[in-house]
Amino acid sequence: MKKIVIFASGSGSNAENIVLHFNKKGSANVVRIFTNNPNAKVLERAKYLEIPSEIFDRNELNEGKVLEKLNKIQPDLIVLAGFLLKFPESIIKAFPNKVVNIHPALLPNYGGKGMYGINVHRAVLENKEKETGITIHYVNEHYDEGEFIFQKSVNIEDCKSAEEIAERNGVLEQLHFPEVIEKLLTRNS
């Protein structure tokens, strides 16, 4: 059985969707959810879904404590699902091509430090884009610059707010993120 570890900083809607997807499929298990935010709603979801969770701080992430825990777990894939801290090179090197992220825009546009969540959708709206979408990519040492795995666009010409754009993008995330993860795990068999 393939093992997935999820990192999240917020509500955990993508984390829950991934857990439920693999509970149905039976081809992999989410074995742990890590968060840097002790108040993150993802912790409630983890408890409800009966997934063990870990809370850590930036120092533990950057000084190797989180890497030690990952080395004990030996996940087949590390999934960043709304994780807001820069991922350390030490973990990326320890798990080459096994760390993936979802970004709420069509990279390379609207990526980089500070470009996450509603910030991305506001920028897209302000620039009067006709479409946006999601990008699932490998994580490297730079924000949102890893090799693209999957992109999907959606028309947003009729959206009047960043929240509407977020909602439309959320549908793409829920639909495609678990499927792409499953394909990656199958390909790496």
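Everything that follows concerns the structure shown earlier in this document.
This one's a predicted model, so the numbers in the text were calculated from it and none came from an experiment.

Criteria and thresholds
Residues numbered from 1 in each chain as written. Predicted model: local features only at pLDDT ≥ 70, side-chain atom pairs only at ≥ 80, totals over all residues. Heavy atoms only, no water. Helix = DSSP H or I, 4+ residues; strand = E, 2+ residues; numbered from the N terminus. Buried < 20%, exposed > 50% of the residue type's maximum accessible area, 1.4 Å probe, protein only. Contact = heavy atoms within 4.5 Å. Polar contact = N/O pair within 3.5 Å; in protein donor to acceptor, adjacent residues only side chain to side chain. Pairing = 2+ DSSP bridges. Axes fitted to C-alpha atoms, helices over the stretch in contact; angles between N-to-C directions.

Caption draft 1: How the structure looks around the environment of D144. Residue placement: D144 occurs in the loop between strand 6 (131-138) and strand 7 (148-155). Judged by its relative accessible area of 12%, D144 falls in the buried class. Between the C-alpha atom of D144 and that of E129, which follows or precedes it by 15 residues, the distance is 20 Å. Not counting chain neighbours up to four residues away, the residues in contact with D144 comprise N101, H103, L107, G111, G112, M115 and H137. A polar contact is formed between the side chain of D144 and the side chain of H103, at a distance of 3.4 Å.

Caption draft 2: Spatial organisation of the sheet that holds strand 2 (residues 28-35). Overall, mixed pairing links the seven strands, which are arranged 3-2-1-4-5-6-7 in an open sheet. Looking at the sheet topology across the chains shown, the edges are occupied by strand 3 (53-55) and strand 7. Looking at each pair of strands side by side, their axes are set apart by 20 degrees on average, direction ignored. As defined by bridge partners, strand 4 (residues 77-80) adjoins strand 5 (residues 99-103) across three bridges and the pair is classed as parallel. Bridge assignment links I78 to a residue of strand 5, and that residue is V99. Against the sheet, helix 1 (residues 13-25) engages strand 1 (2-7), strand 2, strand 4 and strand 5, with an angle of about 160 degrees to strand 2. Together, strand 2 and strand 3 form the strand contacts of helix 2 (residues 41-49), whose direction differs from that of strand 2 by roughly 145 degrees.

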